[in-house]
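These are the residues of each chain, in order.
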Amino acid sequence: MQTVKIGNTNWQTSNIALGIMRMGTLSVPQSVAALQAAHEAGINLIDSADIYGNDPELGRGSSEIHFGQALKQSGLSRDDFYIQSKGGLYANAANQITRYDSSKEHLIAAVDGILRRTGIDYLDSFLIHRPDPLMEPEEIAAAFDELQASGKVRHFGVSNFNPQQLELLQSAVSQRLLVDQLQFGLGHTGMVDFGLHTNMTDQGSVDHDGGLLEYCRLHQLTIQTWSPFQYGTFAGTFIGNPQFPELNRELAKLAEKYQVSKNAIAVAWILRHPAHMQVLIGTMTPAHILDSAAGSDVTLTKQEWYDLYLAAGNELP
Ligand SMILES: NC(=O)c1ccc[n+]([C@@H]2O[C@H](COP(=O)([O-])OP(=O)(O)OC[C@H]3O[C@@H](n4cnc5c(N)ncnc54)[C@H](OP(=O)(O)O)[C@@H]3O)[C@@H](O)[C@H]2O)c1
């Protein structure tokens, strides 16, 4: 398992992380098995969010409750993992998300809730989950200062922010923002398409993100890529999916060459980009976790990277 330096720090973590968004629907023994597989594979970063899991009995946050119970029963310790979570989405009494809320009060309560559900006493990093149009950067700054001073959070970052939103927030907070978590993978290549189609008039030339990829590289922000095996937004996985015959043929060819799984090749495709991204895998099946993690040690050639990009249905101008 290879490591990646987070942001502009010397903090090194595995370049593949386990996201626990889907842990809320598992039993505790299944959650234990997922954690043990991640640890066996060398994964040492867990990504969560306070709203993950919506178990009918446990409600919003059930993923973190299962994670906390699984960590205790797994034989693993808190120190085996860096633990990151996100907050800033408000769910009402019926567990529906009805607004984004990055007020100081909400963010501090969110971290307290995360620590309570997971049973840990600090987070290695805390991210603002989505940009709130009503955000007051000074309020977020006050929340970050209090969370850091109290020892509840060590590092900070964001998720789904564009460059201007990053700059706005960074102008107010005293901590360096280290991470922007964004959807990216062979089923969602927008951040690359835009750069390839500059000054053209086709669909690829539409700027959906404000040049985030280059911005993050210039400002040493680590891009954590969510849903690396999905197409659309949670529409399903492209791996082994008959809707993507060409992509699966190419994945299978390279899987054969490198003696790994298709998942590993899809991970290697993201890691081949020189931005030094970190891949957040969300599979909860131990065999798929181990298969995916093997992608950390595969370095695709430039031609293979382009072959996969084209097989995913993209064009080169
Ligand atoms: N910041 C944000 O806004 C945001 C949004 C979404 C997600 N995230 C983060 O990103 C993490 C990953 O997201 P994700 O779970 O959507 O990513 P993902 O890893 O792309 O998707 C996981 C899903 O794909 C399935 N899958 C993977 N490999 C498969 C295979 N070979 N065959 C069949 N099914 C396969 C998994 O099923 P199995 O379990 O059966 O393998 C699971 O249902 C989340 O846990 C969360 O931490 C962040």
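Because the structure is a prediction, the values reported are computed rather than measured.

The helix and strand inventory of the protein chain stands at eleven helices and 16 strands. In terms of overall size, the protein chain behaves like a compact globule, its C-alpha atoms giving a radius of gyration of 19 Å where 317 residues would be expected to give roughly 20 Å. Reported as C-alpha extents along the three principal axes, the dimensions of the protein chain are approximately 50 × 45 × 40 Å. Burial status across the protein chain gives 55% buried among its 317 residues. Once local pairs closer than 6 in sequence are excluded, the contacts in the protein chain between residues at least 24 apart make up 71%. Split by element, the accessible area of the protein chain, about 13700 Å² in all, is 50% carbon and sulfur. Charged side chains of the protein chain number 21 positive and 34 negative; the gap between the two group centres comes to 3 Å.

As summarised here, the arrangement of the eight strands in space is 3-4-7-10-11-12-13-16, forming a closed barrel in which the pairing is parallel. On average, adjacent strands in this sheet sit at an angle of 30° to one another, irrespective of strand direction. Summarising the sheet, strand 10 (residues 123-128) and strand 11 (residues 153-159) pair through five bridges and their orientation is parallel. Residue pairing for strand 11: L123 is matched across the bridge by V153.

Another point: the nonpolar core. Within soluble globular proteins, side chains that are nonpolar generally end up buried alongside one another. If you look at the biggest cluster of nonpolar residues, it comprises 82 residues, and the most contacted ones within it are L18, L35, L123, F126, W269, I281 and L308. In this structure L123 touches R78, I83, Q84, S85, V111, I114, L115, K152, V153 and R154, once residues within four positions along its chain are discounted.

A few words on the side chain of T225. With respect to the helices and strands, the residue T225 is situated in strand 13 (residues 222-226). Classification of T225 by relative accessible area gives buried; the value is 0%. Residues contacting T225, with those up to four places away along its chain left out, are L182, F184, I270, M277, Q278, V279 and L280.

Turning our eyes to something else, we now look at a negative patch on the surface. A contiguous patch of negative charge, built from E105, E136, E138 and E139, is present on the exposed surface. Looking at the element boundaries, E136 is found in the loop between strand 10 and helix 4 (137-149).

The rules we used
Residues numbered from 1 in each chain as written. Predicted model: local features only at pLDDT ≥ 70, side-chain atom pairs only at ≥ 80, totals over all residues. Heavy atoms only, no water. Helix = DSSP H or I, 4+ residues; strand = E, 2+ residues; numbered from the N terminus. Rg over C-alpha atoms; globule rule 2.2 N^0.38 Å. Buried < 20%, exposed > 50% of the residue type's maximum accessible area, 1.4 Å probe, protein only. Contact = heavy atoms within 4.5 Å. Areas by Shrake-Rupley, 256 points an atom, 1.4 Å probe, with all protein chains shown as cover. Lys, Arg positive; Asp, Glu negative; His and termini not counted. Charge placed at Lys NZ, Arg CZ, Asp CG, Glu CD. Pairing = 2+ DSSP bridges. Axes fitted to C-alpha atoms, helices over the stretch in contact; angles between N-to-C directions. Core = buried A, V, L, I, M, F, W, Y, C linked by side-chain atoms within 4.5 Å. Patch = residues over 30% accessible without salt bridge, like charges linked within 9 Å, V, L, I, M, F, W, Y side chains within 5 Å. Salt bridge = Lys/Arg side-chain N within 4 Å of Asp/Glu carboxyl O.

Geometric values such as these leave the question of function open.
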